[in-house]
Amino acid sequence: MPCLQPEAPADMEPDGATPGTTSPTAAPGIEGSLCGETETEHPVVRGTGWFFSPLWSPRSKTRGRRFGDDLKDDQVEAWLDDHSDFTRAYFLRRTSAVSGPQSPLPRFPRSSSDHSDILRTAHHRRPPSPLADSHLNISSLTDRLKPLASNPEWADVFSPDVSPCSHLSHRSSRFSFPPCRPLSPVFSPDLPLSPHPLRHPPAACAKGECCPWASELLRGGLGWIGSVAELCQGAALHAGELLTAECCSLSLVKKDCGGRSTLQEVVAPTAPGPLSEVNLCGRTHLELLKGVMGCVRATGSPMNLRDASEDPRFDFDDEESSQIRTVLSVPIKNHSREVVGVVVMINKRNVYDGSASVFTNMDEKVLSNHMDVLGMVLDNVQLYESSRQEAKRSQALIEMAQVLSKEHHSFEVLLSKMAATIMPFTHAQYCTIFIPGGKPSAVREDQVSFSRVIHLECEDLGSTCQIYRRERDFRDVDQSHAIQTLISKETLNVSEGSEESMKSAICCPVRNERSEHVIAVCQLTNKRSRDSDEVEAFNRYDERLLEDLAVYCGLALQYAQAVQITEERRASIEVTQEVLAYHITAAEQEIQALQEATIPPVESLQLLDFHFSHFGLPDERTSQATVRMFLDLHLVQDFNIDYKSLCQWVLTVRRGYRNNVPYHNWNHALSTAQSMFAMLMATDQLQSIFSRLEILALMIATLSHDLDHRGVSNSYIKRSQQPLAQLYGHSSLENHHYNLCLFILNNTGSQILSGLSADDHRAVLHMIKRAILATDLTVYMERRKEFFSLAKKSRVRWKSEKQRDLLRSMLMTASDLSAITKPWPEQKRIANLVTMELFAQGDKEKKEFKTKPIDMMNRENSTRLPCMQVEYIDDICYPLYKAVSRLFGACSPLLGGCKKNRENWMHLAGTAKGEDWENSWRVTLEGHRNEEEETQAEE
């Protein structure tokens with residue numbers, strides 16, 4: 001069935017219908033209806049013309065059987081050609097009936113003169129008329145979205161709260177619309193002549209198999225349709241030409257950033273053909289259009305005003321209102337039947353003579369059917385356009401991320417590259433980044449100031465563009481929008497137009513994620529149209545891109561600030577290290593004195609004796625003893641250590657210990673190193689197990705294992721939240737000792753490892769770190785069970801690196817705790833020094849944490865020192881020295897000294913508590929002895 005011509009005189013209204021109302025029933029009947037309204041099946045047709053026929057509507061399930069339902073197009077045309085007299089008389093009557101809208105509708109008689117039988121049996125056929133050309137080039141239309149909601153005076157008209165019966169008041173409008181561009185219809189030479197000058201009938205859906213607009217729409221695909229504005233303008237102009245309206249307009253429902261929906265004008269009031277003789281762009285006309293569209297959108301139902309001036313819902317006092325006579329407006333609904341837009345037609349003209357007419361129910365159905373197709377296609381087009389915008393947005397984000405990931409010499413260059421990345425995507429002519437100079441918390445306009453501005457300009461070169469960075473004073477740049485954004489902390493999208501020019505701008509704040517302060521403002525200015533050099537408003541996609549740019553700018557600012565802080569701290573650390581190196585390094589005279597001094601032999605220094613005592617040795621003799629140990633182990637010769645560097649290193653390490661710490665000072669470091677030296681020299685077994693590099697690492701580690709000790713434990717450092725705990729987390733003191741050891745080894749003049757190869761240098765540093773960390777008693781308690789299991793074996797080969805690392809760790813702890821093996825006078829003196837440190841820490845905990853310290857650090861438990869010493873020996877020391885002595889018999893003096901000191905402490909504890917307590921501790925000691933004898937018997 002061809003797409004039928006919607007034009008019909010007013011007398012075709014169904015019975016009971018009155019002008020100015022919209023009938024909810026189906027379209028009126030056509031001349032010669034064979035039967036009444038019955039549900040029937042329609043014949044299968046080709047094309048999409050049936051969709052725009054008033055006989056079919058997706059809004060109604062009732063479909064009537066009309067004239068010629070069972071006939072083919074060529075049969076109808078053949079009958080009309082064979083009965084030319086009847087046809088000519090009929091069209092003359094129809095022409096005269098147009099001049100009188102209320103004249104009765106002529107009908108075919110229902111008698112024997114009914115020609116339906118002739119139509120059914122007609123055999124003369126002719127090919128159907130070719131499809132008329134509508135001359136509608138949709139792809140050439142420009143994509144312009146002019147937001148009505150941007151005018152505050154119109155916001156209430158399109159709000160969801162507008163009542164369809166509310167009166168509209170007169171308000172001024174500052175909007176200007178483009179000139180109307182009529183479309184030339186095709187003239188049909190088959191129409192009879194009229195005494196009046198006839199206008200050309202519209203070349204739309206009157207002839208041909210289907211609607212040309214729908215055919216091109218459905219056949220072209222999304223890529224041919226173009227933008228949403230092009231699609232809507234093509235649909236509005238086609239429908240306006242089809243309904244012979246003087247003016248048409250179309251608006252879509254849009255949601256702003258706050259979620260409020262408004263009608264946004266897509267097609268400005270435009271004449272679809274050469275029928276308009278008056279200007280319909282006046283203030284009153286625009287108010288009426290807005291009111292009608294607001295009512296249709298609120299109700300979701302069509303509106304047909306047969307006489308707009310008499311409608312009580314609209315109040316007009318202006319003479320311009322007389323120019324609007326008839327108005328037809330229908331909603332545009334998507335597949336979910338939600339209103340997504342409104343179209344309006346104004347002032348219907350007669351297709352033949354151009355006289356005024358009214359929109360009929362058939363016009364309403366034809367317009368609704370067109371808008372139904374538009375609503376279906378509109379969803380796909382919007383989705384397609386959104387996908388393209390998202391693809392562009394993703395590409396822009398990837399490019400900005402690539403810019404951010406690269407190293408840049410300055411912060412301004414980084415921001416300039418990021419801004420230059422987004423400008424081609426938004427078609428902005430200018431991009432400006434304002435950096436505030438005042439306090440971020442300033443909220444008053446008179447307190448806002450900008451210290452720097454980065455300004456970029458885009459020059460269009462056809463298919464490409466060139467971005468230039470202009471050196472401009474921030475006082476020469478418009479700061480009003482940036483200041484407003486800085487105060488409100490919200491994105492601002494404005495467009496200001498005049499008859500001469502238009503300016504659009506969008507501003508977005510750049511926030512600091514931690515403090516939520518605005519640290520900069522990004523501004524895009526003057527969006528260029530893709531088809532011309534005209535300026536248009538920025539849309540929601542531009543806002544999202546700018547907001548994304550703001551996020552990256554915030555990251556760039558934080559990155560730049562972090563880099564600046566890092567560089568400042570690095571410089572501060574270097575200065576601190578220079579000061580530390582100066583004060584920690586021995587004077588040149590002291591180095592020279594040690595270098596030239598005669599180093600005593602090990603016998604005179606008693607370095608081979610496990611009962612070595614540092615008490616009474618002057619500082620010069622302790623330094624010489626250290627050098628002697630390196631010489632007798634042949635470390636200086638084997639690793640090409642410069643002798644002066646060794647002297648400076650020894651003196652620097654000695655200076656690295658704090659003299660105000662009672663126990664963990666240089667004397668303790670020397671005693672630990674001497675214990676390791678004595679064990680290595682006591683038997684050839686250890687020197688055969690360890691490599692020369694491992695022996696070097698052990699000697700350096702023992703001397704450096706407590707560098708810069710503060711006299712407190714790791715638990716206190718963690719509880720007091722000292723920087724050491726924040727820096728290392730666990731084993732804070734031991735990690736600090738190693739780092740200071742590394743600092744001294746790298747200090748100029750103290751580089752005793754400079755003669756090593758790169759691999760040996762890395763290996764020895766790794767072993768030094770492992771050895772120093774092993775002095776943490778927590779690490780010792782975790783690993784000693786494995787060591788004790790090895791000690792019970794009859795023979796251990798120590799081939800694997802894991803076993804040797806375990807052995808090195810246990811020997812480090814044995815050397816560190818060797819004070820418990822010294823002769824009783826030395827042991828008692830050292831115990832008092834340790835107690836001084838522990839009680840001092842307990843006093844700090846009482847004062848700072850307001851808590852009672854543990855027993856060993858509580859000064860009130862000083863009388864329990866012998867008991868605590870016995871517990872310390874039994875839990876920590878005795879099992880270790882027992883295992884070491886079993887593995888290496890030459891180290892048994894350590895176990896013997898530990899036993900003697902245990903007996904002495906047990907005696908002191910028994911004297912304080914009585915004979916019974918002393919006997920109980922003797923039983924414990926006998927238990928240790930029996931266990932040892934049983935183990936030897938098993939072997």
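Reading the values: rules and limits
- Residues numbered from 1 in each chain as written.
- Predicted model: local features only at pLDDT ≥ 70, side-chain atom pairs only at ≥ 80, totals over all residues.
- Heavy atoms only, no water.
- Helix = DSSP H or I, 4+ residues; strand = E, 2+ residues; numbered from the N terminus.
- Buried < 20%, exposed > 50% of the residue type's maximum accessible area, 1.4 Å probe, protein only.
- Areas by Shrake-Rupley, 256 points an atom, 1.4 Å probe, with all protein chains shown as cover.
- Expected span 1.5 Å × (residues − 1).
- Bend = angle between axes of the 7 residues up to and from the residue.
- Pairing = 2+ DSSP bridges.
- Axes fitted to C-alpha atoms, helices over the stretch in contact; angles between N-to-C directions.
- Contact = heavy atoms within 4.5 Å.
- pLDDT = per-residue confidence, 0-100.
- Core = buried A, V, L, I, M, F, W, Y, C linked by side-chain atoms within 4.5 Å.
- Polar contact = N/O pair within 3.5 Å; in protein donor to acceptor, adjacent residues only side chain to side chain.
- Salt bridge = Lys/Arg side-chain N within 4 Å of Asp/Glu carboxyl O.
- Parallel < 35°, antiparallel > 145°, perpendicular 65-115°, else oblique.
- Left-handed = near helix turned anticlockwise from the far one by under 90°.
- Nonpolar A, V, L, I, M, F, W, Y, C, P; charged D, E, K, R; others polar.

Description of the overall build of the chain
Summing up its helical and strand segments, the chain has 29 helices and 12 strands in all. Out of the 939 residues belonging to the chain, those deemed buried represent 49%. As displayed, the chain offers around 45300 Å² of accessible surface, 51% of which is attributable to carbon and sulfur atoms.

Some details on helix α27 (residues 865–887)
Between its first and last C-alpha, α27 extends 32 Å over 23 residues, near the 33 Å set by a 1.5 Å rise per residue. In the structure, α27 departs most strongly from a straight axis at Cys 877, where the bend amounts to approximately 45 degrees and where the proline Pro 879 lies between one and four residues downstream.

Quick look at the sheet that holds strand β1 (residues 245–255)
The strand order across the open sheet formed by 5 strands is β2-β1-β5-β4-β3, and the pairing between neighbours is antiparallel. On the outer flanks of this sheet lie β2 (261–270) and β3 (303–305), each paired with one strand and no other. With strand direction ignored, the average angle separating the axes of adjacent strands in the sheet is 15 degrees. Sheet strands touched by helix α8 (residues 361–405): β1, β4 (327–333) and β5 (339–348). Its angle to β4, the strand with the most contacts, is close to 35 degrees.

Topic: the confidence of the model for the chain
Per-residue confidence for the chain gives a mean pLDDT of 75; residues scoring 70 or more make up 68%. Taken as a whole, residues 1–69 scores under 50 in pLDDT and shows 164 contacts with residues more than four places along the chain or in a different chain. Contacts from residues 98–204, a stretch scored under 50 in pLDDT, to residues over four places away or in other chains number 234 contacts.

Remarks on the nonpolar core
Formed by 99 residues in total, the largest nonpolar core has its most connected members in Phe 630, Trp 649, Met 699, Ile 700, Ile 768 and Phe 787. The biggest single contributor to this core is α27, with 11 residues. When residues no more than four places from it in sequence are discounted, the contact partners of Ile 700 are Phe 630, Trp 649, Cys 741, Leu 745, Ile 752, Leu 753 and Ile 768.

Focus on the environment of Ser 720
Take Ser 720: it is sitting in the loop between α20 (714–719) and α21 (723–728). Assessed through its relative accessible area of 22%, Ser 720 is described here as partly exposed. Sequence spacing of Ser 720 and Glu 845 is 125 residues, and the spatial spacing of their C-alpha atoms is 9.0 Å. With near-sequence residues (within four places) excluded, Ser 720 lies in contact with Glu 848 and Phe 849. A polar contact is formed between the side chain of Ser 720 and the backbone oxygen of Tyr 716, at a distance of 2.7 Å.

A few points about helix α22 (residues 732–746)
Given a rise of 1.5 Å per residue, 15 residues ought to cover 21 Å, and the 21 Å separating the end C-alpha atoms of α22 matches this to within 8%. Burial within α22 is extensive, with 12 of its 15 residues counted as buried. Every buried residue of α22 is accounted for by Ser 732, Leu 733, Glu 734, Asn 735, His 736, His 737, Tyr 738, Leu 740, Cys 741, Phe 743, Ile 744 and Leu 745.

Section: the pattern of salt bridges
Evaluated as defined, the whole model comprises 32 salt bridges. The residue Glu 536 makes a salt bridge to Lys 527 at a minimum N-O spacing of 4.0 Å. Take Glu 536 and Lys 527: they sit in the same class, and that class is buried. Residues participating in the shared-partner salt-bridge network are Glu 694, Arg 770, Arg 783, Glu 801, Arg 804, Asp 805 and Arg 808.

Let's talk about the packing of helix α12 (residues 588–596) against helix α16 (residues 643–655)
Direction vectors running N to C along α12 and α16 enclose 120 degrees, while the axes themselves pass 9 Å from each other. Here α12 lies oblique to α16, going by the angle between them. Seen from above, α12 lies across α16 with right-handed handedness. Seen from α12, the contacting residues are Glu 588, Glu 590, Ile 591, Leu 594 and Gln 595; seen from α16, they are Tyr 643, Lys 644, Cys 647, Gln 648, Leu 651, Arg 654 and Arg 655. In the contact of α12 with α16, the residues fall into 5 nonpolar, 2 polar and 5 charged.

As for the packing of helix α25 (residues 801–816) against α27
Axis separation between α25 and α27 bottoms out at 10 Å; the angle between their running directions is 125 degrees. As judged from the angle between their axes, α25 and α27 are oblique. Once α25 is placed against α27, the crossing between them reads as left-handed. Two secondary-structure elements touch here, α25 through Met 810, Leu 811, Thr 813 and Ala 814 and α27 through Leu 880, Tyr 881 and Val 884. Counted by class, the contact of α25 with α27 contains 6 nonpolar, 1 polar and no charged residues.

Notes on unusual backbone geometry
Notably, Thr 244 is not glycine yet its phi reads approximately 50 degrees, a positive angle. Mapped onto the elements, Thr 244 comes out in the loop between α6 (228–242) and β1.

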